[in-house]
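Residue-level listing of the chains:
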Amino acid sequence: MLPPILLVEDDLPLAQTMASALEAVGVPVEHCPTGELAIELLREKRYPVVVLELVLSLSGGVSGGYVVKAVKKIPRPERPAIVLIACGSATLRGIDRSMVTSMLFKPLDFSLFTEYILATYRRAVSGCGRETAA
């Protein structure tokens, strides 16, 4: 069984649409709506890819930036690829960009989103590209 990606998105309808699109192409998804839960899950499980909304309004102050810092603590060979979802470039201040595989901006083109995440997932599961993580 293939490992799931971790989808961290607090907009439930958007998260359901993203998860459905990814699962339709064979990418298993585990969803969580908050940064706190994402950090806890990252401590407990290994995910090949984390798709992360940068601004998490339901997290009570734990933004996607804190999740990126938590990922940095994971040993390099096990570190997931991070794909940030953002509304604008101004929200990217303070993010360790060396930790981020790519950034996608809202509104999402779901066809391109799905293709990109699928390609990132395949690379991560096959073990390629992990050496490039900071």
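Because the structure is predicted, anything quoted here is derived from the model rather than measured.

### Focus on the pattern of salt bridges
- Under the definition given, this model contains four salt bridges.
- Linking Glu 9 and Lys 106 is a salt bridge whose minimum nitrogen-to-oxygen distance equals 3.6 Å. Remark: Lys 106 occurs in the loop between strand S5 (102-105) and helix H4 (110-126) and Glu 9 occurs in the loop between strand S1 (5-8) and helix H1 (12-24); sequence separation between them is 97 residues.
- Under the relative-accessibility criterion, Lys 106 is labelled partly exposed at 24%.
- For the salt bridge of Glu 40 with Arg 43, the shortest nitrogen-to-oxygen distance reads 3.5 Å. Note that Glu 40 and Arg 43 are positioned in helix H2 (residues 35-44) at a spacing of three residues, about one turn of the helix.
- Overlapping salt bridges bring together Glu 9, Glu 53 and Lys 106 as one network.

### Section: the packing of H2 against helix H3 (residues 64-72)
- Running from N to C, H2 and H3 cross one another at 10°; their axes reach a closest spacing of 9 Å. Accordingly, the angle class assigned to the pair H2 and H3 is roughly parallel. Only Tyr 66, Val 67, Ala 70 and Val 71 of H3 make contact with H2, whose side of the interface consists of Gly 35, Ala 38, Ile 39 and Leu 42.
- Residues belonging to the contact of H2 with H3 are distributed by class as follows: seven nonpolar, one polar and no charged.

### As for the confidence of the model for the chain
- In this model, the chain carries a mean pLDDT of 87, and residues with pLDDT of at least 70 account for 86%.
- Within the model, pLDDT remains below 50 along residues 129-134, and this stretch shows eleven contacts once partners closer than five positions in the same chain are excluded.

### Focus on unusual backbone geometry
- Following Lys 106, the chain continues to Pro 107 via a peptide bond in cis, the omega torsion being 0°.
- Note that Pro 107 resides in the loop between S5 and H4.

### Overview of the pairing of S5
- Burial along S5 is one-sided: Ser 102 and Leu 104 are buried, and none of Met 103 and Phe 105, which face the opposite way, are.
- In this structure, strand S4 (residues 81-86) lies alongside S5, joined through four bridges in parallel fashion. Bridge pairing in S5 links Leu 84 to Met 103.

### Here's the deal with the sheet that holds strand S3 (residues 49-53)
- An order of S2-S1-S3-S4-S5 is seen for the five strands of this open sheet, with the pairing classed as parallel. Each edge of the sheet is formed by a strand with only one pairing partner; in this case those strands are strand S2 (29-32) and S5. Between one strand axis and the next, the sheet turns through 20° on average, direction left out of account.
- Note that S3 and S4 share five bridges and pair parallel. Among the inter-strand pairings, Glu 53 is bridged to a residue of S4, identified as Ile 85.
- On the sheet, H1 packs against S1, S2, S3 and S4 and is oriented at approximately 170° with respect to S2.

Parameters and conventions
Residues numbered from 1 in each chain as written. Predicted model: local features only at pLDDT ≥ 70, side-chain atom pairs only at ≥ 80, totals over all residues. Heavy atoms only, no water. Salt bridge = Lys/Arg side-chain N within 4 Å of Asp/Glu carboxyl O. Helix = DSSP H or I, 4+ residues; strand = E, 2+ residues; numbered from the N terminus. Buried < 20%, exposed > 50% of the residue type's maximum accessible area, 1.4 Å probe, protein only. Axes fitted to C-alpha atoms, helices over the stretch in contact; angles between N-to-C directions. Parallel < 35°, antiparallel > 145°, perpendicular 65-115°, else oblique. Contact = heavy atoms within 4.5 Å. Nonpolar A, V, L, I, M, F, W, Y, C, P; charged D, E, K, R; others polar. pLDDT = per-residue confidence, 0-100. Pairing = 2+ DSSP bridges.

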